[in-house]
Amino acid sequence: MRPLGLICFLAAIATGVARNDGIDASASFTLRSWDEAFALANATVAQLKLDEKIGLVTGVGQFSSRCVGNVNPVARLGIPGFCLNDGPAGVRPTKGVTGFPPGIAAAATFSRRLMRARGVALGEEFRGKGINMHLGPALDLMRNPKAGRGWESFGPDPYLTGEAAFETITGIQSVGVMACAKHYIANNQEHWRYGLIAEVDDRTMHEMYHYPFLRAIEANVSSVMCAYNQFNGTSSCHNAALIGPNGLLRKDGFQGYIVSDWGATHDSAADNANAGLDMEMPGDYILIGGGTFNSFLGLGSLKSDVNSGKVPSSRLDQMVTRILAPWYRLGQDSGYPAVNFDAQHSDGSGPNNLDVSVRSTAHTAIAREIAADSAVLLKNKADALPLKSAGMDGKRVAIIGKDALMPNLKCGDLNECDDGTMTLGWGSGSNSLEFTVPPITALNESLGAAGAVVSASLSNDKTAGAKAAKGQDVAIVLVNVMSGELGFYQTVNGNEGDRNDLELWFAGSDLVTAVAAVCSNTIVVVHSIGPVNMPWATNENVTAIIFAGAPGEQTGPALVDVLFGAVNPSGRLPYSIADDEASYGTTIVTAPGFPLGFPVINYTERLLLDYRYMDTHAIIPRFEYGFGLSYTTFEYTGLSIISSATNSQVVSFSVKNAGAVAGTEKPQLYLGYPPSAGEPPKVLRGFDEVQLVAGASQRFVMTLGSREMSVWDTPSQSFVRPPGTFTVFVGASSRDIRLTGTF
């Protein structure tokens, strides 16, 4: 049914086998309660001098840090210079690490199990490198499909993003590494991100953009990163309504510390500190457009502000206490590994790079499993897939497209080019491509072993591609598209972070069309960080489409697993794929505001992102949210809805594998509210997974708690369950509804 990646992964955690010296397999530590942690933190703060306190709340500098960010140590008390490091999909910039699939791939698995396992593996590698804080997960909703960093997070749906946040953070922190939920808040495009003004109403804020952070708080996240942009007219890192003592985060129980994004403190030290910011990064300056600017010294004058009384000394103590409390809570005060790499020398050179590898067979296995389980089978005409090894002897197979190749490893430590196969986007959320196994390698090995006669045209030249495909029994065409962080003004293929459009890059659609014109068995593999236009999807000669997404370093082996049926595909789209951007109801704002300043972006779509917008406006996407085919079929029966004593609704149903081969199903529960509630026609409120052999059945139970049935009520500032009849939709996607019921 699938490689035994998770079994091997858990076994390795238990036994410590097959690991390199950089990882403490047991990761044993004393997990303290928040109360215990704060008691220790307060006792330590009482011993600190003013300069030591200042040193703990400010970074040591963009180019003085051994990590992406460090604070100043207090050696006499055993407090290290905390190491804060990228990124959400793996350690960077350094050697000897795993290139995990990014957040959007984890979302496509629709598997809490894999989300948590990925978090554990990430945490182990960060711990093995001596990193105190993992700068992730990213929880920014994919408000628009072209958003540059949407792939770092988990898609446009707040419920799926919230569940992924909870599982990822729980996994990371289970091995004693702090997690940092980012970027708070409404950080949904790259253009103008350093100061755009996001105008978001109260209900939309709570039900959409804040909700994943609420789940992060419930996972006891150690830190939250405030964003560059303004929120309702005030900079996020100076916005007391967000980060202050009575702000949203604190009211919802957040106990960790607020750290700025790198250079996001646009206001004075007193303004930022008094508003609720606890730590500023990087501490001196950031690199913009090829030059260094020190205009963002938001906490640079903090000492004088404390001495003058502009910032109360009690507030400074609170800042330091909040920083130290997660350190104590996760047991980092005892036996935590020292930093063994140097972010200033990402090539591994220099005396501070100790050449410690944190890779392991278990991590490779989990990366491969997630890559395979995130692959979405969009089309499979006449059971073109899986390819059968026994039937491939002598078959002529052409591999076509530059996306089959090994990625260019000379694109910088931010991965800022698309040259070869696409495993994830570019920017600070990228990871190491060093150990990528490209499709061409895995395909050549597997097809060769099956006796196929393999040829290749490894460019996107449509004439060469058609020539290679003509007369072949099978043509496998690999195409891609990429996006990333505008950050330091990287432009890749003419795209400034956010994509210019929804087209495949390098004339990918032209290549597919040209190949399909001469080969009646054309299999298309799409590597993409988000939705793409697929005008060729209905072409009769395109027999199968695997939307392999952003698979990370194990891209080739995972693709072969799905192509040959070692893994029965079970990935689900974590966004809809429509034919044009207008179908999504939002845009990327590229024009400046008046007069030539930061633009105001009004979130007038409110609750209607992606499938919510399409359902409301009767737009039929090419492939809907939650969609994904299998090599088998599943039947749904026996829906039951029972009210519990706690006012929850218990929904149960059965799923049967009605096909001839084993497979994994990912049932989804959507809820329709009473019309008076003002909600979209249906919203995701549950999902699960089950592996079933042919003929087997499984009973599922999903519980709708009070919050899942409520809407945000602005007058009472609380979630309130609206009166009336609710509709439960259970099915295989947002539109493939198999069972309905009401309560």
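For the structure itself, look to the data block above.
What you see is a predicted model; the values in this text were computed from it and never measured.

Asks: Break down the packing of aromatic side chains for me, citing the residues and quoting the values.
Replies: Using the criterion set out here, one finds 21 aromatic pairs in the structure. Ring geometry for phenylalanine 110 against tyrosine 625: centres 6.2 Å apart, planes inclined by 65°, an arrangement best described as edge-to-face. Of the two residues, phenylalanine 110 sits in the loop between α4 (103-108) and α5 (112-128) while tyrosine 625 sits in the loop between α19 (611-616) and β19 (634-643), which places them 515 residues apart along the sequence. You'll find phenylalanine 110 and tyrosine 625 in the same group, each marked buried. For the ring pair tyrosine 184 and phenylalanine 213, a centre distance of 4.8 Å and an interplane angle of 70° mean the geometry is edge-to-face. Taken together, the positions of tyrosine 184 in strand β4 (residues 178-184) and phenylalanine 213 in helix α8 (residues 211-218) put the pair 29 residues apart, joining distant regions of the chain. A relative accessible area of 0% means that tyrosine 184 is categorised as buried. You can call phenylalanine 213 buried: its relative accessible area is 1%. In this structure an aromatic cluster arises from ring pairing among Phe110, Tyr159, Tyr611, Tyr625, Tyr670 and Phe687. Here arginine 112 stacks its cationic end above the ring of phenylalanine 687, 4.0 Å away from the centre of that ring. Over the ring of phenylalanine 729 we find lysine 682; its NZ or CZ atom is 5.8 Å from the centre of that ring.

Asks: Residue-level account of the environment of alanine 404, with values.
Replies: Locating alanine 404 in the fold gives a position in the loop between β13 (396-400) and α15 (439-449). Counting along the chain gives 173 residues from alanine 404 to isoleucine 577, while the straight-line C-alpha distance between them is 23 Å. Apart from residues no more than four positions distant in its own chain, alanine 404 is found in contact with Ile399, Pro438, Pro439, Ile440, Leu458 and Leu478.

Asks: Run through helix α17 (residues 508-516), naming residues and quoting values.
Replies: Burial analysis of α17 places 7 of its 9 residues in the buried class, the great majority of the element. Those residues of α17 lying buried are Gly508, Ser509, Leu511, Val512, Ala514, Val515 and Ala516.

Asks: So what about the sheet that holds strand β14 (residues 453-457)? Which residues, and what values?
Replies: In space, the 6 strands of this open sheet follow the order β12-β17-β16-β15-β13-β14, with mixed pairing throughout. Unpaired on one side and paired on the other, β12 (376-380) and β14 mark the two borders of the sheet. Sheet twist, expressed as the average angle between the axes of neighbouring strands with direction ignored, equals 15°. With 5 bridges joining them, strand β16 (residues 522-527) and strand β17 (residues 542-547) adopt parallel strand pairing. Residue pairing across strands places valine 525 opposite isoleucine 546, the latter belonging to β17. Its contacts with the sheet put helix α16 (residues 462-469) on β13, β14 and β15 (474-480), and the angle it makes with β13 is roughly 165°.

The rules behind each value
- Residues numbered from 1 in each chain as written.
- Predicted model: local features only at pLDDT ≥ 70, side-chain atom pairs only at ≥ 80, totals over all residues.
- Heavy atoms only, no water.
- Phe/Tyr/Trp six-rings, centres within 6.5 Å; stacked < 30°, edge-to-face > 60°.
- Helix = DSSP H or I, 4+ residues; strand = E, 2+ residues; numbered from the N terminus.
- Buried < 20%, exposed > 50% of the residue type's maximum accessible area, 1.4 Å probe, protein only.
- Lys NZ or Arg CZ within 6 Å of the ring centre and 35° of its normal.
- Contact = heavy atoms within 4.5 Å.
- Pairing = 2+ DSSP bridges.
- Axes fitted to C-alpha atoms, helices over the stretch in contact; angles between N-to-C directions.

Don't take any of this as a statement about function, it's just geometry.
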